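Results of the structural survey
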Amino acid sequence: MPPVFAHGRLRLYLLKLLDEAPRHGYEVIRLLEERFQGLYAPSAGTVYPRLSKLEAEGLVTYATEGGRKVYSITEAGRAELADRSGELADLELEIRDSVTELAAEIRSDVRGAAGDLRREMRAAASASATQVGEDDSWRAAKEELRKARQEWKEQARRAKDESRRAREEAQAARRQAKEAQDRAREEVQRIAGQLQEQFARSGGVLGGLAGAWLGGGAHGTGTAGRPGAADADADGAPGWAADLTPTGDPARDLDRLLDRFRDEVRDAARDHGVTAARVAEARDHLAAAAARLGTTFAPRP
(Lines give C-alpha, C1' and ligand atoms only; values in the text may rest on other atoms or scores of the structure.)
Protein backbone atom coordinates (compact mmCIF):
# COMPACT_ATOMS: atom_id res chain seq x y z
CA MET A 1 0.00 0.00 0.00
CA PRO A 2 1.40 3.45 -0.86
CA PRO A 3 2.15 5.79 2.08
CA VAL A 4 -0.88 7.86 3.09
CA PHE A 5 0.92 10.73 4.87
CA ALA A 6 4.37 12.06 4.07
CA HIS A 7 6.74 12.75 6.98
CA GLY A 8 5.23 15.31 9.39
CA ARG A 9 1.98 15.68 7.45
CA LEU A 10 -0.20 13.66 9.87
CA ARG A 11 0.74 16.20 12.59
CA LEU A 12 -0.56 19.06 10.41
CA TYR A 13 -3.77 17.20 9.58
CA LEU A 14 -4.45 16.50 13.28
CA LEU A 15 -4.28 20.28 13.90
CA LYS A 16 -6.81 20.78 11.07
CA LEU A 17 -9.25 18.25 12.58
CA LEU A 18 -8.97 19.86 16.05
CA ASP A 19 -9.45 23.32 14.51
CA GLU A 20 -12.81 22.10 13.20
CA ALA A 21 -13.96 21.05 16.69
CA PRO A 22 -12.61 19.61 19.97
CA ARG A 23 -12.29 15.82 19.67
CA HIS A 24 -11.08 12.81 21.65
CA GLY A 25 -8.55 10.39 20.20
CA TYR A 26 -11.01 7.71 19.07
CA GLU A 27 -13.07 10.33 17.23
CA VAL A 28 -9.94 11.52 15.41
CA ILE A 29 -9.22 7.94 14.28
CA ARG A 30 -12.82 7.49 13.10
CA LEU A 31 -12.77 10.78 11.16
CA LEU A 32 -9.54 9.81 9.39
CA GLU A 33 -11.12 6.49 8.40
CA GLU A 34 -14.15 8.34 7.01
CA ARG A 35 -12.00 10.80 5.07
CA PHE A 36 -10.32 7.83 3.39
CA GLN A 37 -13.63 6.12 2.56
CA GLY A 38 -12.72 3.21 4.85
CA LEU A 39 -9.57 2.42 2.83
CA TYR A 40 -7.23 3.56 5.62
CA ALA A 41 -7.58 3.71 9.41
CA PRO A 42 -4.62 4.79 11.59
CA SER A 43 -3.95 2.84 14.75
CA ALA A 44 -4.19 4.26 18.25
CA GLY A 45 -0.42 3.83 18.51
CA THR A 46 -0.07 6.25 15.60
CA VAL A 47 -2.54 8.97 16.68
CA TYR A 48 -2.23 9.21 20.47
CA PRO A 49 1.56 9.77 20.65
CA ARG A 50 1.24 12.60 18.12
CA LEU A 51 -1.58 14.21 20.12
CA SER A 52 0.60 14.02 23.24
CA LYS A 53 3.51 15.65 21.39
CA LEU A 54 1.27 18.47 20.10
CA GLU A 55 0.06 19.02 23.68
CA ALA A 56 3.67 19.15 24.94
CA GLU A 57 4.48 21.77 22.28
CA GLY A 58 1.56 23.94 23.42
CA LEU A 59 -0.30 23.57 20.12
CA VAL A 60 -3.23 21.66 21.66
CA THR A 61 -4.68 21.28 25.11
CA TYR A 62 -7.10 18.78 26.61
CA ALA A 63 -9.84 18.47 29.18
CA THR A 64 -11.00 15.20 30.73
CA GLU A 65 -14.65 14.42 30.04
CA GLY A 66 -16.18 11.12 31.05
CA GLY A 67 -12.76 9.59 31.59
CA ARG A 68 -11.55 10.62 28.11
CA LYS A 69 -9.15 13.33 27.03
CA VAL A 70 -10.91 15.77 24.72
CA TYR A 71 -8.28 17.70 22.76
CA SER A 72 -8.72 21.31 21.60
CA ILE A 73 -6.44 23.47 19.47
CA THR A 74 -4.73 26.46 21.13
CA GLU A 75 -4.07 29.91 19.69
CA ALA A 76 -0.50 28.79 18.99
CA GLY A 77 -1.87 25.82 17.06
CA ARG A 78 -4.17 28.06 15.02
CA ALA A 79 -1.24 30.35 14.26
CA GLU A 80 0.82 27.45 12.93
CA LEU A 81 -2.17 26.24 10.91
CA ALA A 82 -2.58 29.72 9.37
CA ASP A 83 1.15 29.96 8.59
CA ARG A 84 1.02 26.59 6.82
CA SER A 85 -2.30 27.10 4.97
CA GLY A 86 -0.64 26.57 1.61
CA GLU A 87 0.98 23.37 2.81
CA LEU A 88 -2.42 22.25 4.15
CA ALA A 89 -3.96 22.69 0.69
CA ASP A 90 -1.19 20.52 -0.77
CA LEU A 91 -1.85 17.95 1.95
CA GLU A 92 -5.55 17.80 1.00
CA LEU A 93 -4.48 17.07 -2.56
CA GLU A 94 -2.04 14.39 -1.36
CA ILE A 95 -4.82 12.74 0.64
CA ARG A 96 -7.06 12.63 -2.43
CA ASP A 97 -4.18 11.16 -4.43
CA SER A 98 -3.61 8.53 -1.73
CA VAL A 99 -7.30 7.57 -1.80
CA THR A 100 -7.12 7.31 -5.58
CA GLU A 101 -4.00 5.10 -5.39
CA LEU A 102 -5.60 2.85 -2.78
CA ALA A 103 -8.73 2.51 -4.91
CA ALA A 104 -6.57 1.71 -7.94
CA GLU A 105 -4.81 -1.05 -6.02
CA ILE A 106 -8.14 -2.53 -5.01
CA ARG A 107 -9.33 -2.33 -8.59
CA SER A 108 -6.13 -4.03 -9.77
CA ASP A 109 -6.57 -6.80 -7.19
CA VAL A 110 -10.16 -7.35 -8.28
CA ARG A 111 -9.13 -7.39 -11.94
CA GLY A 112 -6.38 -9.91 -11.20
CA ALA A 113 -8.76 -12.12 -9.23
CA ALA A 114 -11.29 -12.00 -12.06
CA GLY A 115 -8.56 -12.95 -14.56
CA ASP A 116 -7.48 -15.88 -12.42
CA LEU A 117 -11.07 -17.03 -12.14
CA ARG A 118 -11.55 -16.80 -15.90
CA ARG A 119 -8.43 -18.90 -16.49
CA GLU A 120 -9.64 -21.46 -14.01
CA MET A 121 -13.01 -21.51 -15.76
CA ARG A 122 -11.41 -22.07 -19.14
CA ALA A 123 -9.32 -24.89 -17.73
CA ALA A 124 -12.40 -26.43 -16.16
CA ALA A 125 -14.32 -26.04 -19.43
CA SER A 126 -11.51 -27.69 -21.40
CA ALA A 127 -11.37 -30.57 -18.96
CA SER A 128 -15.11 -31.11 -19.15
CA ALA A 129 -15.51 -30.53 -22.91
CA THR A 130 -16.32 -34.17 -23.47
CA GLN A 131 -19.19 -34.09 -21.02
CA VAL A 132 -22.70 -33.63 -22.35
CA GLY A 133 -24.58 -30.64 -20.83
CA GLU A 134 -23.72 -28.73 -17.73
CA ASP A 135 -23.72 -30.19 -14.28
CA ASP A 136 -24.34 -28.27 -11.07
CA SER A 137 -20.65 -27.49 -10.46
CA TRP A 138 -20.30 -25.94 -13.90
CA ARG A 139 -23.34 -23.71 -13.39
CA ALA A 140 -21.99 -22.64 -9.98
CA ALA A 141 -18.65 -21.73 -11.54
CA LYS A 142 -20.37 -19.60 -14.18
CA GLU A 143 -22.35 -17.80 -11.48
CA GLU A 144 -19.15 -17.08 -9.56
CA LEU A 145 -17.61 -15.63 -12.71
CA ARG A 146 -20.65 -13.42 -13.30
CA LYS A 147 -20.51 -12.10 -9.72
CA ALA A 148 -16.77 -11.43 -10.01
CA ARG A 149 -17.26 -9.41 -13.19
CA GLN A 150 -20.07 -7.40 -11.61
CA GLU A 151 -17.95 -6.66 -8.53
CA TRP A 152 -15.04 -5.57 -10.69
CA LYS A 153 -17.27 -3.14 -12.61
CA GLU A 154 -18.62 -1.70 -9.35
CA GLN A 155 -15.11 -1.24 -7.94
CA ALA A 156 -13.98 0.48 -11.14
CA ARG A 157 -16.97 2.84 -11.05
CA ARG A 158 -16.32 3.79 -7.40
CA ALA A 159 -12.64 4.39 -8.09
CA LYS A 160 -13.50 6.66 -11.01
CA ASP A 161 -16.02 8.65 -8.94
CA GLU A 162 -13.53 9.01 -6.07
CA SER A 163 -10.83 10.26 -8.43
CA ARG A 164 -13.18 12.91 -9.82
CA ARG A 165 -14.26 14.04 -6.35
CA ALA A 166 -10.62 14.20 -5.24
CA ARG A 167 -9.73 16.55 -8.09
CA GLU A 168 -12.71 18.82 -7.38
CA GLU A 169 -12.05 18.97 -3.63
CA ALA A 170 -8.35 19.67 -4.15
CA GLN A 171 -9.17 22.59 -6.45
CA ALA A 172 -11.63 23.96 -3.89
CA ALA A 173 -9.04 23.60 -1.09
CA ARG A 174 -6.46 25.55 -3.12
CA ARG A 175 -8.96 28.36 -3.74
CA GLN A 176 -9.85 28.54 -0.04
CA ALA A 177 -6.19 28.61 0.97
CA LYS A 178 -5.49 31.48 -1.43
CA GLU A 179 -8.49 33.44 -0.15
CA ALA A 180 -7.36 32.87 3.46
CA GLN A 181 -3.85 34.12 2.63
CA ASP A 182 -5.26 37.22 0.93
CA ARG A 183 -7.49 37.99 3.93
CA ALA A 184 -4.60 37.49 6.35
CA ARG A 185 -2.37 39.81 4.31
CA GLU A 186 -5.07 42.52 4.26
CA GLU A 187 -5.60 42.18 8.02
CA VAL A 188 -1.86 42.51 8.72
CA GLN A 189 -1.68 45.63 6.56
CA ARG A 190 -4.71 47.13 8.33
CA ILE A 191 -3.26 46.46 11.80
CA ALA A 192 0.12 47.86 10.76
CA GLY A 193 -1.58 51.07 9.57
CA GLN A 194 -3.46 51.40 12.85
CA LEU A 195 -0.28 50.91 14.88
CA GLN A 196 1.57 53.53 12.84
CA GLU A 197 -1.24 56.03 13.45
CA GLN A 198 -1.29 55.19 17.15
CA PHE A 199 2.49 55.60 17.53
CA ALA A 200 2.39 58.88 15.65
CA ARG A 201 -0.49 60.25 17.74
CA SER A 202 0.54 59.25 21.25
CA GLY A 203 4.25 58.47 21.07
CA GLY A 204 3.71 54.71 21.04
CA VAL A 205 1.84 52.14 23.06
CA LEU A 206 4.64 51.84 25.61
CA GLY A 207 4.83 55.59 26.05
CA GLY A 208 1.10 55.79 26.81
CA LEU A 209 1.26 52.97 29.33
CA ALA A 210 4.35 54.34 31.03
CA GLY A 211 2.93 57.86 31.21
CA ALA A 212 -0.23 56.52 32.85
CA TRP A 213 1.53 55.69 36.12
CA LEU A 214 5.04 57.15 35.89
CA GLY A 215 3.76 60.75 35.75
CA GLY A 216 3.57 62.88 38.91
CA GLY A 217 5.23 65.48 41.08
CA ALA A 218 8.94 66.10 41.25
CA HIS A 219 9.28 64.35 44.61
CA GLY A 220 7.00 61.36 44.09
CA THR A 221 4.91 62.20 47.19
CA GLY A 222 1.23 62.68 47.81
CA THR A 223 -0.81 61.60 44.76
CA ALA A 224 2.11 61.60 42.30
CA GLY A 225 2.55 58.39 40.30
CA ARG A 226 -0.94 57.03 41.15
CA PRO A 227 -3.63 56.44 38.49
CA GLY A 228 -6.08 59.31 38.55
CA ALA A 229 -3.61 61.78 40.06
CA ALA A 230 -4.32 65.42 39.24
CA ASP A 231 -0.78 65.99 37.91
CA ALA A 232 -0.72 62.92 35.57
CA ASP A 233 0.85 63.42 32.12
CA ALA A 234 -1.44 64.76 29.42
CA ASP A 235 -0.80 61.70 27.19
CA GLY A 236 -1.26 59.19 30.04
CA ALA A 237 -4.40 57.30 31.10
CA PRO A 238 -5.52 58.69 34.52
CA GLY A 239 -7.66 55.61 35.23
CA TRP A 240 -4.96 53.07 34.48
CA ALA A 241 -4.69 50.28 37.12
CA ALA A 242 -7.36 51.99 39.22
CA ASP A 243 -8.65 48.54 40.16
CA LEU A 244 -5.47 47.80 42.16
CA THR A 245 -6.41 48.76 45.72
CA PRO A 246 -3.44 49.95 47.84
CA THR A 247 -2.28 47.31 50.30
CA GLY A 248 -0.57 49.64 52.73
CA ASP A 249 2.83 48.27 51.68
CA PRO A 250 4.36 50.70 49.11
CA ALA A 251 6.93 48.13 47.90
CA ARG A 252 4.20 45.58 47.22
CA ASP A 253 2.02 48.19 45.50
CA LEU A 254 4.93 49.06 43.21
CA ASP A 255 5.45 45.36 42.34
CA ARG A 256 1.76 45.04 41.43
CA LEU A 257 1.96 48.10 39.15
CA LEU A 258 5.08 46.74 37.46
CA ASP A 259 3.35 43.38 36.93
CA ARG A 260 0.34 45.09 35.38
CA PHE A 261 2.58 47.17 33.10
CA ARG A 262 4.55 44.12 31.97
CA ASP A 263 1.36 42.11 31.26
CA GLU A 264 -0.21 44.85 29.16
CA VAL A 265 2.97 45.36 27.13
CA ARG A 266 3.19 41.63 26.45
CA ASP A 267 -0.49 41.50 25.46
CA ALA A 268 0.00 44.39 23.04
CA ALA A 269 3.04 42.71 21.50
CA ARG A 270 1.26 39.38 21.19
CA ASP A 271 -1.87 40.93 19.62
CA HIS A 272 -0.10 43.20 17.13
CA GLY A 273 3.21 41.48 16.47
CA VAL A 274 6.82 42.32 17.25
CA THR A 275 9.27 43.70 14.68
CA ALA A 276 12.81 45.00 14.94
CA ALA A 277 11.57 48.58 14.46
CA ARG A 278 9.02 48.21 17.26
CA VAL A 279 11.58 46.70 19.60
CA ALA A 280 13.92 49.64 18.95
CA GLU A 281 11.14 52.13 19.67
CA ALA A 282 10.11 50.17 22.77
CA ARG A 283 13.70 50.33 24.03
CA ASP A 284 13.64 54.14 23.77
CA HIS A 285 10.38 54.35 25.73
CA LEU A 286 11.61 51.98 28.42
CA ALA A 287 14.89 53.84 28.76
CA ALA A 288 13.00 57.11 29.28
CA ALA A 289 10.69 55.44 31.79
CA ALA A 290 13.64 53.92 33.69
CA ALA A 291 15.42 57.27 33.83
CA ARG A 292 12.30 58.98 35.13
CA LEU A 293 11.78 56.27 37.77
CA GLY A 294 15.39 56.61 38.82
CA THR A 295 14.80 60.30 39.43
CA THR A 296 11.55 59.57 41.29
CA PHE A 297 13.13 57.11 43.72
CA ALA A 298 16.46 58.93 44.15
CA PRO A 299 17.16 60.34 47.61
CA ARG A 300 15.95 63.90 48.09
CA PRO A 301 18.25 66.64 49.46
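Quick summary incoming for the structure in this document. (Residues numbered from 1 in each chain as written. Predicted model: local features only at pLDDT ≥ 70, side-chain atom pairs only at ≥ 80, totals over all residues. Heavy atoms only, no water.)

Describing the packing of helix 1 (residues 9-20) against helix 2 (residues 25-35)
As a packed pair, helix 1 and helix 2 sit with axes 11 Å apart at the nearest point and diverge in direction by 105°. Relative to helix 2, the element helix 1 lies roughly perpendicular. When helix 1 is examined against helix 2, the residues Leu10, Tyr13, Leu14, Lys16, Leu17, Leu18 and Glu20 are found in contact with a partner set consisting of Val28, Leu32 and Arg35. Across the contact of helix 1 with helix 2, the residue classes tally to seven nonpolar, no polar and three charged. (Axes fitted to C-alpha atoms, helices over the stretch in contact; angles between N-to-C directions. Helix = DSSP H or I, 4+ residues; strand = E, 2+ residues; numbered from the N terminus. Parallel < 35°, antiparallel > 145°, perpendicular 65-115°, else oblique. Contact = heavy atoms within 4.5 Å. Nonpolar A, V, L, I, M, F, W, Y, C, P; charged D, E, K, R; others polar.)

Remarks on the pattern of salt bridges
Two side chains with opposite charge may pair up if their charged atoms get near one another. In total, this model carries 25 salt bridges according to the counting rule given. Between Arg11 and Glu57 there is a salt bridge whose closest N-O contact spans 2.6 Å. You can see Arg11 sitting in helix 1 and its partner Glu57 sitting in the loop between helix 3 (44-56) and strand 2 (60-65), a full 46 residues away along the chain. The class for Glu57 is partly exposed, based on a relative accessible area of 39%. As a salt-bridge pair, Glu75 and Arg78 come within 3.5 Å of each other at their nearest N and O atoms. One end of the pair, Glu75, and the other, Arg78, are both in helix 4 (residues 75-83), three residues apart, so they sit about a helical turn from each other. Here the salt bridges do not stand alone but share partners, grouping Lys16, Glu20, Arg23, Glu27, Arg30, Glu34 and Arg35 into one network. (Salt bridge = Lys/Arg side-chain N within 4 Å of Asp/Glu carboxyl O. Buried < 20%, exposed > 50% of the residue type's maximum accessible area, 1.4 Å probe, protein only.)

What to know about the nonpolar core
Counting 23 residues, the largest nonpolar core has Leu14, Leu15, Leu18, Val28, Leu32 and Val47 as the members making the most contacts within it. The element that contributes the greatest number of residues to this core is helix 1, accounting for seven residues. Sequence-distant contacts of Leu18, defined by excluding residues within four places in its chain, comprise Arg23, Val28, Leu51, Val60, Tyr71 and Ile73. (Core = buried A, V, L, I, M, F, W, Y, C linked by side-chain atoms within 4.5 Å.)

Considerations on helix 2
Among all positions in helix 2, only Gly25, Glu27, Val28, Ile29, Leu31 and Leu32 are buried. Buried positions along helix 2 lie against helix 1, strand 1 (23-24), helix 3 and strand 3 (68-73). Note on helix 2: the residue one or two positions beyond its end, Gln37, has a positive phi of about 55°.

Here we look at helix 1
Each full turn of the α-helix corresponds to 3.6 residues, which orients residues three or four apart in the same direction. Taking 1.5 Å of rise per residue, 12 residues should cover 16 Å, and helix 1 covers 17 Å from first to last C-alpha, within 8% of that figure. The element helix 1 is largely enclosed, with a buried count of nine among its 12 residues. When we look at burial in helix 1, the residues that qualify are Arg9, Leu10, Leu12, Tyr13, Leu14, Leu15, Lys16, Leu17 and Leu18. (Expected span 1.5 Å × (residues − 1).)

Focus on the environment of Arg164
Along the polypeptide, Arg164 turns up in helix 6 (residues 136-202). On a C-alpha basis, the gap between Arg164 and Arg96 in space is 9.6 Å, while along the polypeptide they are 68 residues apart.

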